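An overview of the molecular structure
Spelled out from the first residue to the last, the chains are:
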Amino acid sequence: MSQPKASQNGWFNWMKDRFPESKQITLNIRRIFVIPTKVSLGLLVTLGVLFLMAINFQNSLIYALTFWLLALIVISIFFTYRNLAGVTIKAIQSHACFAGEKAVFEIEVRCPENQKKSAISLGWKDQDVAQVNLQNHHTVRIKLSHDTKKRGLFKPDKISIFTVYPVGLVVAWSYAMLDMESIIYPKPLLQDTAENQQSKSDDAEAGKEIARGSTDFSGIREYQAGDSPKHIHWGAYAKTGKAYTKTFVDYANQELWLDWDSLAITGIELKLSHLSAKILQYHQEQQVYGLKIPGKTIPPATGEAHKTMCLTALALYGQAS
Amino acid sequence: MFNDGFAKDLKITYSAMMWLLVAQLVVMLPLMFFLPIWILPVLLFSAGWRMRVMQGHQEQPKKVLKTIIAGIGIIGLFASGMPMVSLDMMASLLMLGFAYKALEVIEKRDAMVVILTGFLLIGLLFIYSQSILVALYGAFALTILTAALIAIQHDKGAAVSAKPILENLKLSSLMLLLCLPLMLLFFIFAPRFTPLWTLPFSGEGHAKTGISDSMTPGDIANLSQSDALAFTVKFMGEKPNQNQLYWRGLVMQHFDGKTWTQFSDSLSLEASRKKLRTREQFIRNRLVKKGYGREYEVIYEKTARPWLFALTPVVNVKGDAVYGTDYTLMARSNILEPKMLTLTSYPEALRDTTLDEKTRQRALQLPKGGNPQTRALAKRLLAKATSKQDYVNTVMNRFKQQEYYYTLRPALLGDTNTIDEFLINNKKGFCAHYAGSFVFMMRAVGIPARVVTGYQGGKWNKQGQFLSVHQYDAHAWTEVWFKDKGWLRFDPTAMVAPNRIEQSLEHAVGEAGGFLEDQIFSMEKYSWLSELKDKMDSAQYAWRRFVIGYDRDSQSALIKKFFGEQSLQKIAMIVGGFFIAIITLWSLLLRLGQNNQRESEEHQLYRKFCHRLEKHGVSKKLSQSPTVFSQYAASQLPSLANDIIAFTQYYSQLCYNPSEPKNKKENIKVLKRLFNNIKRK
């Protein structure tokens, strides 16, 4: 069951030597493997039938046909290898997501000069697979998505790059261990029990004030799902046919703090999920908020960058940076 | 399987669909000449439906409909009257399935089935014909099928649109062309086996051609309307005179008043197989060898009959053949593929100097009654003759002296007294008439005689130094038995139309018409085409001799010729050598080396450097830049600090400061030296 450690290490080193982790990798003879496909097995069976026909009818031309197709299997090894050799894979960027969603990785595929690469597939096993065609120094950027389960730093497994082109009789394949990772935020999940404890009176008052439609009108923005119908700018709707929402601002200059310690929730992941949901809520409400979690404090602010910073802090909570 | 677990688009593209349909048409078209023609409309119907589905005009056919259509097709096949267990039936079923498959090809798996079946069908085509043209067509069909195979590899959802049509064709041609040397290597050296079992469908469905097993005067005239090749002969020594070239095939002993046939025991192949060994000896015993032997190589065309034609008597046979009765030669089964034999004959040898009772009875058989005038004539002539020999000569000369005419369009002779009708009244006939009536005249007075059919003469191809014998060379002559001399050949036709024997049928018939008149486009009629025809015949001969006729014997002969007597091991080494040469050739032609630029040297060195430090317990994190890592590593390994920092500096310089190539080389040298320093410590 358990292999000797030395040989495991040997395999590991061998793989690591061939597929070093890097931003970019070019496929060459050391990295490309070629194996037959099911189709070539089917062809071999057909060749068996043809061979029997050749023998029993003493037919030279059927012999020739059989051998020609046999040679086709052999040469397809070379053509399929050639179709993959020289392709360069480069990690471009990765997009963060919430746990349970799909993390998207952007990858660039480049073809060497004066060559043509057809029907090359890239992807992870049981995940997204994309097929590209390239020629003469072209580069193609593709986005591959990968399922995520847990929050934190997500490093996808090695990408498989393979092709059966031109005749589908053999598959040439290789791995790329691209140096890329995506941040997976905790899944947003509001905890009802936490609400009363955590929200201070400011929050409620501010809400009331807005609801009342006090004088502190700040502007108009496009309608978003969840906006109170009271705030819809009906005049603008009549004119343009689009719904706009009047937004209000608290001039009480209240700073909202999302404080780890004041949460009446047990369980780290649940706390993180709740905070994640709250951040999204405040961000949408354009509140000014800060975040306090053990080991990290982010002063109150607002905006996209702030949201990302807060969510990242939650994602990486408890993980070695 | 490798692909398992990877999401795949299983549907094929529209252009792949079109490729498949074209490939199906190309594969099926030539088979239409051999199989029921209505299978083609089935394909066209299926293809039409499929196209309409792809263009969104029509729905995918329902299962019920598909079943009904398939049912109709199968009933049609059984109703067509083909034997149930025959090659034709199997081929037709395969074709029908192939045609119907066009209805439901949407996924790659279906497409693969279509293409693999297409390969089989090309093989089937070769069973029906092995001519140069068919071989070329087969190669063309293979190219189209391979192009279709390439076309189906593109996914429907590929990021960039698929290649244009011509690309596929170009690629498939290139691949198949590059395959040729390897194919030839396999073809020449792969071991050839003898048939594993007798085929249940041998011969069925093949149109029988050539000389038939019975002779009704008028038959052979039909053959002379055909310019198809019967066989080709290559003499090891000198070519005998044209008037000695009697290619003896069948011996017709039994006459029923109208038709000459063989006795049934000479027809049974099974019997001849059993008696094979005894018969061979029997024949040798009854033969008195005289004169010298002639060795020659014959390639028989496919006839779907077992008869073989040779100069008689054949003493030695190289190849697969058996002796029939009366010095005839037969193949073990009907000839379905061109067949090659090397024969040695002694044309001057004496056959059967004594006659056993059974043979004598057969050689004297005549129907009771009928032809009274001929019988009377025979008696009259015998009475005048001084000896048997004299009688035979008188009968022969009578054909010359009286007003007999040689024609390919003889009058119909009716059902009774056919010999009288021809010999006494009509006097116009073909070789079969002359041979038949001559034997009748002999038997009527008790002289053993028999009709022999085969071919006479042949056309000498100077370019290729071989003789081709065509169907229009078909001939009938006779053999008469004399005590101590055995069977002697007499050809009464020669007395009427000596040209027929000395030159050829073409000349003998001359202006009288009848020669190949049904074949308007036959090249034999135009002399200016004759030379071209000679060249084509030479090519055909070479094709038959070296490609189609390539079998076990020719294989060992060829290997012996080029490599001498070799052990199996040495042959394996030769094949291996060729194989490596072909692979090398491919690699060069495909420029496989060009992609093989390895990681540049400085990166390789840096990787080794990191690996080395890892052994010292300091590993680099990916996020660390080389400089940051070097500082960290230097602090951890003070003994190597200087080298580490210097190495990293040079490396960074090489990476981020691309200098002149000359400089680069020197820098890499320094890098290597520093790395060796680290290694040593």
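Residues numbered from 1 in each chain as written. Chains lettered and ligands numbered in written order. Predicted model: local features only at pLDDT ≥ 70, side-chain atom pairs only at ≥ 80, totals over all residues.

As for the overall build of chain A
As a reminder, the rule being used: What counts as a helix is a DSSP run of H or I of at least four residues, what counts as a strand is a run of E of at least two, and both are numbered from the N terminus. Each residue is classified by how many other C-beta atoms fall within 10 Å of its C-beta atom, where C-beta atoms are placed from the backbone; a count of 20 or more means buried, 12 or fewer means exposed, and values in between mean partly exposed. For every residue pair, C-beta atoms are placed from the backbone, and the pair is scored as a contact if these atoms sit within 7 Å.
Scanning chain A from N- to C-terminus turns up eight helices and 17 strands. Counting only residues that meet the buried cut, chain A has 37% of its 321 residues in that class. Put simply, 67% of the contacts in chain A that link residues at least 6 apart link residues at least 24 apart.

Structural notes on the overall build of chain B
When you go through chain B residue by residue, the secondary structure sums to 26 helices and 20 strands. Expressed as a percentage of the 681 residues in chain B, the buried residues total 35%.

Concerning the sheet that holds strand E5 (residues 260–261) of chain B
Residue and element names in this part refer to chain B. Just so we agree on the cut-off: Only when DSSP finds a minimum of two bridges between them are two strands counted as paired.
Pairing in this open sheet of three strands is antiparallel, and the strands run E1-E5-E4 from one edge to the other. Each of the sheet's edge strands pairs with one partner strand only, and the pair in question is strand E1 (214–215) and strand E4 (254–255). With two bridges joining them, E1 and E5 adopt antiparallel strand pairing. Counterpart to Ser 214 in the pairing with E5 is Thr 261.

Concerning the pairing of strand E16 (residues 289–293) of chain A
All names here are of chain A. Rule in force here: Note on handedness: a crossover is taken as right-handed if, strands pointing away from the viewer, the path from the first strand over the helix to the second is clockwise.
Judged by which residues are buried, E16 turns out to be one-sided: Tyr 289, Leu 291 and Ile 293 face inward and are buried, whereas Gly 290 and Lys 292, on the alternate face, are not. Read as a crossover between parallel neighbours, the route from strand E15 (residues 256–259) over helix H7 (residues 268–285) to E16 is right-handed. Strand direction decides the pairing type here: E16 and strand E17 (residues 296–301), joined by four bridges, are antiparallel. Paired with Ile 293 across the bridge in E17 is Lys 296. Once E16 ends, the chain turns through two residues before running back antiparallel as E17, passing Gly 295 with a positive phi of about 85°.

Concerning the packing of H7(A) against helix H8 (residues 304–315) of chain A
When two helices pack together, you describe them by how their axes are tilted relative to each other and by the distance separating the axes. Residues and elements named next belong to chain A. Just so we agree on the cut-off: For helices, the fitted line uses only the C-alpha atoms of the stretch in contact; every axis is such a line through C-alpha atoms, and the angle between N-to-C directions lies from 0 to 180 degrees. Angle categories are assigned with fixed cut-offs, so that under 35 degrees is roughly parallel, over 145 is roughly antiparallel, 65 to 115 is roughly perpendicular, and the rest are oblique.
The interhelical angle for the contact between H7 and H8, taken along N-to-C directions, is 175°, at an axis separation of 10 Å. Between H7 and H8, the angle is such that the two are roughly antiparallel. Only Lys 307, Cys 310, Leu 311 and Leu 314 of H8 make contact with H7, whose side of the interface consists of Leu 272, Leu 275, Ser 276, Ile 279 and His 283.

Remarks on the sheet that holds E17(A)
Residues and elements named next belong to chain A. The three strands lie next to each other as E15-E16-E17, forming an open sheet whose pairing is mixed. Edge positions in the open sheet fall to E15 and E17, since each of these has one partner strand only. Neighbour-to-neighbour, the strand axes of the sheet open up by a mean angle of 15°, direction not taken into account. Here H8 sits on the sheet in contact with E16 and E17, set at roughly 160° to E17.

Some words on the pairing of strand E12 (residues 339–345) of chain B
One face of the sheet, then the other: side chains in a regular strand alternate in exactly this way. Residues and elements named next belong to chain B. Counting buried residues in E12 gives five out of seven residues, a clear majority hidden from the surface. Direction of pairing for strand E7 (residues 294–300) relative to E12: antiparallel, over a ladder of seven bridges. The residue bridging Glu 297 from the neighbouring strand is Thr 342, located in E12. Direction of pairing for strand E9 (residues 314–318) relative to E12: antiparallel, over a ladder of four bridges. The partner of Val 317 across the bridge, within E12, is Leu 343.

Quick word on the interface of chain A and chain B
On the chain B side, the residues contacting the 60 residues of chain A number 58 residues. Those elements giving two or more residues to the side of chain A that touches chain B turn out to be helix H2 (38–57), helix H3 (60–84), strand E6 (116–123), strand E7 (129–135), strand E8 (139–147) and strand E11 (170–176) of chain A. Per-element tally for the side of chain A that touches chain B: the top contributor is H3(A), with 17 residues.

With respect to the domain arrangement of chain B
Accessible area lost upon the coming together of the parts serves often as the stated size of an interface. Quick note on the threshold: An automatic or database domain assignment is the source of the domain bounds shown.
Domain annotation of chain B identifies domain 1 (14–177), domain 2 (214–353 + 449–531) and domain 3 (601–680). Distance from the C-alpha centre of domain 1 of chain B to the C-alpha centre of domain 3 of chain B: 62 Å.

Brief notes about the packing of H2(A) against helix H5 (residues 108–128) of chain B
Counted only if it meets this: The crossing is said to be left-handed when, going from far helix to near helix, the turn is anticlockwise and less than a right angle, and right-handed when the turn is clockwise. Throughout, the ten residues Ala, Val, Leu, Ile, Met, Phe, Trp, Tyr, Cys and Pro are labelled nonpolar, Asp, Glu, Lys and Arg are labelled charged, and all others, Gly among them, are labelled polar.
H5(B) packs onto H2(A) with a crossing angle of 10° between their chain directions and a minimal axis gap of 10 Å. As the angle between them shows, H2(A) and H5(B) are arranged roughly parallel. The hand of the H2(A)/H5(B) crossing is right-handed. Note on element contacts: H5(B) touches H2(A) through Met112(B), Leu116(B), Phe119(B), Leu120(B), Gly123(B) and Ile127(B), opposite Val39(A), Gly42(A), Leu43(A), Thr46(A), Val49(A), Leu50(A), Met53(A) and Phe57(A). For the contact of H2(A) with H5(B), the class distribution of residues is 11 nonpolar, three polar and no charged.

What about helix H6 (residues 132–151) of chain B?
Basically, it comes down to this: Every helix has an expected span of 1.5 Å times one less than the residues it contains.
A rise of 1.5 Å per residue sets the reference length of H6(B), with its 20 residues, at 28 Å; its end C-alpha atoms lie 29 Å apart and thus fit the reference within 8%. Within H6(B), the full set of buried residues consists of Ala135(B), Gly138(B), Ala141(B), Leu142(B), Ile144(B), Leu145(B), Thr146(B), Ala147(B), Ala148(B), Leu149(B), Ile150(B) and Ala151(B). The secondary structure elements touched by the buried residues of H6(B) are H3 of chain A together with helix H1 (14–31), H5 and helix H7 (165–189) of chain B.

Notes on the domain arrangement of chain A
Residues and elements named next belong to chain A. The domains assigned to chain A are domain 1 (5–185) and domain 2 (192–216 + 251–315). In this complex, domain 1 contributes five residues to the contact, which on the side of domain 2 involves six residues. Among the elements that take part in the side of domain 1 that touches domain 2, strand E12 (residues 182–185) stands out by supplying three residues, more than any other. Along the lines of polarity and charge, the residues of the side of domain 1 that touches domain 2 split into three nonpolar, one polar and one charged.

Looking at unusual backbone geometry
Cis geometry is found at the peptide bond from Tyr165(A) to Pro166(A), where omega equals 5°. Summarising the element assignment, Pro166(A) is placed in the loop between strand E10 (159–163) and E11. Note the cis peptide between Thr312(B) and Pro313(B), where omega equals -10°. With respect to the helices and strands, the residue Pro313(B) is situated in the loop between strand E8 (307–308) and E9. Positive phi outside glycine occurs at Gln58(A), with the angle close to 50°. Counting through the fold element by element, Gln58(A) comes out in the loop between H2 and H3.

Details of the nonpolar core
Cut-off, in case you're wondering: To count as a nonpolar core, a set of buried Ala, Val, Leu, Ile, Met, Phe, Trp, Tyr and Cys residues must be joined through C-beta atoms within 7 Å.
Ranked by size, the top nonpolar core spans 219 residues in total, and within it Trp68(A), Ala71(A), Ile161(A), Leu20(B), Met95(B), Leu145(B) and Ala148(B) carry the most contacts. In terms of residue count, H3(A) provides more of this core than any other element does, 16 residues in total. Not counting residues within four places of it along the chain, the set of residues in contact with Met95(B) comprises Met28(B), Leu31(B), Leu35(B), Ile39(B) and Leu121(B).

Here we look at the confidence of the model for chain A
Detailed conclusions should not be drawn from predicted coordinates in areas where pLDDT is low. Residue and element names in this part refer to chain A. The condition that has to hold: Each residue carries a pLDDT value, the predictor's own confidence for that position, ranging from 0 to 100.
Here chain A averages 80 in pLDDT, while 83% of its residues score no lower than 70. The secondary structure element of chain A with the lowest average pLDDT is helix H5 (residues 201–212), at 40, and the one with the highest is H3, at 94. Across residues 1–6 the pLDDT falls below 50, and counting only partners more than four positions away or on other chains, this stretch makes one contact in the model. Under a pLDDT of 50 for its full length, residues 196–215 has, in the predicted model, 15 contacts with residues more than four places off or in other chains.

Regarding helix H16 (residues 431–444) of chain B
In this model H16(B) runs 20 Å from its N-terminal to its C-terminal C-alpha over 14 residues, within 8% of the 20 Å that 1.5 Å per residue would give. Of all 14 residues in H16(B), 14 are buried; the element is thus mostly enclosed.

Some remarks on the environment of Thr88(A)
Residue and element names in this part refer to chain A. For Thr 88, the position within the fold is in strand E3 (residues 88–95). A C-alpha to C-alpha distance of 11 Å links Thr 88 and Lys 117, two positions 29 residues apart in sequence. Apart from residues lying up to four places away in sequence, Thr 88 is in contact with Gln 24, Thr 26 and Arg 110.

As for the confidence of the model for chain B
Residue and element names in this part refer to chain B. Across chain B, the average pLDDT comes to 80, with 84% of residues at 70 or higher. Per-residue pLDDT, averaged within each element of chain B, yields its smallest value for helix H10 (residues 269–274) (51) and its largest for H6 (94). Counted against residues more than four places away or in other chains, residues 200–205, with its pLDDT under 50, gives 18 contacts. The ipTM value of the predicted complex is 0.76, and its pTM value is 0.71.

A few points about the environment of Lys290(B)
All names here are of chain B. Among the structural elements, Lys 290 can be located in the loop between strand E6 (287–288) and E7. Among the residues examined, Lys 290 registers 10 C-beta atoms within 10 Å and is labelled exposed. Note: C-alpha distance between Lys 290 and Glu 348 (58 residues apart in sequence) is 5.5 Å. Apart from the residues lying within four places of it in its own chain, the contact partners of Lys 290 are Tyr 346, Glu 348, Ala 349 and Leu 350.

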